[in-house]
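Below are the chains, spelled out letter by letter.
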Amino acid sequence: MIIHQFDQINSILNTFISEIRDVEIQKDSMRFRRNIERIGEVLAYELSKSLDYEETEVKTPLGTKKSFLCSDKLVLCSVLRAGLPLHHGILSYFDRAENAFISAYRHHPNNEDAFEVIVKYFAAPALDDKILVLTDPMLATGKTLENVLNALKSHGTPKQIHIISVIGSKSGVAKVKKVFPKDTHLWIAAVDEHLTSKGYIIPGLGDAGDLSYGVKL
C-alpha cells in the first residue's frame with residue numbers, strides 16, 4: 001500500500017483538521033461538515049495527481065489550446081452516514097464520477113467492547129477497469145473498509161483502489177495495508193496513536209456521524 005499522510009506537512013489542511021478536533025468549534029455541525037468537505041477537496045486534489053491524463057485540444061473564443069485531462073473513470077464509494085460530507089467534498093472536484101453508497105455499522109452484542117461490522121444497504125455501479133475511491137472519515141480498526149471491500153467484489157475488478165480518510169489510527173492503517181491490494185493508495189489527513197477498548201480513535205475527534213448530523217439513538 002502507498003500511504004500519503006498529510007499531518008506532517010505544514011499546509012492549510014492543518015487548520016481544517018484542528019477545527020474538526022476542537023471540542024468547542026465542532027459543536028457547530030454546519031462548520032464541522034464544511035471542514036470535512038474541505039479536507040475531502042484537498043485530498044481529492046492530491047489524489048488527482050496520481051491519475052492518468054490524455055492530451056486534448058480546447059477551443060476558446062480566440063483560438064485553441066492543448067490541455068491534459070483525466071482519462072480515468074472514477075467511482076466514489078462512501079460509507080453512510082458519516083462519509084457523506086467527505087463524499088461531497090471529493091465529488092465537487094471529481095464531478096463526473098459515478099457514485100456508490102454502502103451502509104455499515106458497528107454491532108456490540110450485549111454492549112460489550114467486542115463488535116462486528118454489519119453491512120446492510122449497498123448500491124454501486126460496475127467497477128471493472130475503473131478507479132475505485134473509498135471514502136471513510138474515520139479509519140479506526142479497518143474492519144469497516146475490509147467489509148466494504150468484500151461487498152464490492154461482486155461488482156467487478158477495479159483498475160486501482162484509492163482510500164480517502166480524515167483521521168486514522170496506526171492499527172487501522174496497518175489493517176487496511178494487510179487486506180487491500182499492494183498498489184492501493186491511502187490518502188489520509190492525520191494518523192493518531194491509539195484506540196479505546198471499543199475501537200474509537202484517541203485523541204481523534206469523537207463520532208463523525210453524530211457531529212455531522214446529530215446524535216443517534
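As recorded in an unreviewed UniProt entry, the protein goes by the name Uracil phosphoribosyltransferase, listed as coming from Flagellimonas profundi.

## Some remarks on the overall build of the protein
Summing up its helical and strand segments, the protein has six helices and twelve strands in all. In summary, the protein has a C-alpha radius of gyration of 18 Å against a globular reference of 17 Å for 217 residues, a match within 12%. Taking as baseline every contact in the protein between residues at least 6 positions apart, the subset at least 24 positions apart corresponds to 64%. For the protein, the accessible surface area stands at approximately 11500 Å², while carbon and sulfur atoms represent 52% of it. Positive and negative charge centroids in the protein, built from 26 and 27 side chains respectively, lie 1 Å apart.

## Structural notes on the packing of helix 1 (residues 13–21) against helix 2 (residues 29–48)
Orientation of helix 1 relative to helix 2, taken along the N-to-C sense of each, is 145°, at an axis distance of 9 Å. With respect to the hand of their crossing, helix 1 and helix 2 are arranged in left-handed fashion. Contact with helix 1, carried on its side by L13, F16, I17, E19 and I20, involves R31, F32, N35, I36, R38, I39, V42 and L43 of helix 2 and no other residues of that element. In the contact of helix 1 with helix 2, the residues fall into nine nonpolar, one polar and three charged.

## Describing the pattern of salt bridges
Oppositely charged side chains can form a pair if their charged atoms are brought close together. Tallied over the entire structure, the rule returns 15 salt bridges. Between R34 and E37 there is a salt bridge; the shortest N-O distance is 3.2 Å. Of this pair, R34 and E37 are both found in helix 2, three residues apart, which corresponds to roughly one turn of the helix. Since its relative accessible area comes to 32%, R34 is described here as partly exposed. In this structure, D210 and R81 form a salt bridge, with 2.5 Å as the shortest nitrogen-oxygen distance.

## Let's talk about the layout of surface pockets
A volume near 400 Å³ is recorded for the second largest pocket. Taken together, 13 residues form the lining of the second largest pocket, with C70, D72, F94, D95 and R96 sitting closest to its centre. In terms of residue class, the lining of the second largest pocket is made up of seven nonpolar, one polar and five charged.

## Description of the nonpolar core
Of all hydrophobic cores here, the largest spans 32 residues; its most connected members are L13, I20, I39, F94, I164, I167 and L205. Elements that contribute at least two residues to this core include exactly helix 1, helix 2, strand 4 (74–80), helix 3 (84–91), strand 7 (131–135), strand 9 (160–169), strand 10 (185–192) and helix 6 (208–213). At six residues, the largest contribution of residues to this core is made by helix 2. Not counting the four nearest positions on each side in its chain, L13 is found in contact with F6, I39, V42, L43 and A189. Ranked by size, the runner-up nonpolar core spans 23 residues in total, among them M1, L139, V148 and I161.

## Description of helix 1
An α-helix turns once every 3.6 residues. As a result, residues three or four positions apart point the same way. Buried residues of helix 1: L13, F16, I17, E19 and I20, and no others. Taken down its axis, helix 1 places every buried residue within 165° of arc, on the same side. Lining the buried residues of helix 1 we find helix 2, strand 9 and strand 10.

## Points about the pairing of strand 4
With six of seven residues buried, strand 4 lies mostly within the body of the structure. Where strand 4 and strand 7 come together, five bridges link them in parallel fashion. Paired with L74 across the bridge in strand 7 is I131.

## A short note on the side chain of T141
With respect to the helices and strands, T141 occurs in the loop between strand 8 (138–139) and helix 4 (143–152). Overall, the relative accessible area of 16% leaves T141 in the buried class. Reaching out from T141, the side chain makes a polar contact with the backbone nitrogen of K143 at a distance of 3.2 Å.

## A closer look at the environment of V133
Within the secondary structure, V133 is located in strand 7. Exposure remark for V133: the relative accessible area of 0% places this residue in the buried category. Sequence spacing of V133 and Y93 is 40 residues, and the spatial spacing of their C-alpha atoms is 13 Å. Apart from residues lying up to four places away in sequence, V133 is in contact with L47, L74, V75, L76, C77, H162 and I164.

Here is what the cut-offs are and how they apply
Residues numbered from 1 in each chain as written. Predicted model: local features only at pLDDT ≥ 70, side-chain atom pairs only at ≥ 80, totals over all residues. Heavy atoms only, no water. Helix = DSSP H or I, 4+ residues; strand = E, 2+ residues; numbered from the N terminus. Rg over C-alpha atoms; globule rule 2.2 N^0.38 Å. Contact = heavy atoms within 4.5 Å. Areas by Shrake-Rupley, 256 points an atom, 1.4 Å probe, with all protein chains shown as cover. Lys, Arg positive; Asp, Glu negative; His and termini not counted. Charge placed at Lys NZ, Arg CZ, Asp CG, Glu CD. Axes fitted to C-alpha atoms, helices over the stretch in contact; angles between N-to-C directions. Left-handed = near helix turned anticlockwise from the far one by under 90°. Nonpolar A, V, L, I, M, F, W, Y, C, P; charged D, E, K, R; others polar. Salt bridge = Lys/Arg side-chain N within 4 Å of Asp/Glu carboxyl O. Buried < 20%, exposed > 50% of the residue type's maximum accessible area, 1.4 Å probe, protein only. 1 Å grid on protein atoms, 1.4 Å probe; cavity = no way out; pocket = protein on both sides within 12 Å on 5 of 7 lines; lining within 4 Å. Points joined across faces, edges and corners; volume = space filled by probe spheres on them. Core = buried A, V, L, I, M, F, W, Y, C linked by side-chain atoms within 4.5 Å. Arc of directions from axis to C-beta. Pairing = 2+ DSSP bridges. Polar contact = N/O pair within 3.5 Å; in protein donor to acceptor, adjacent residues only side chain to side chain.

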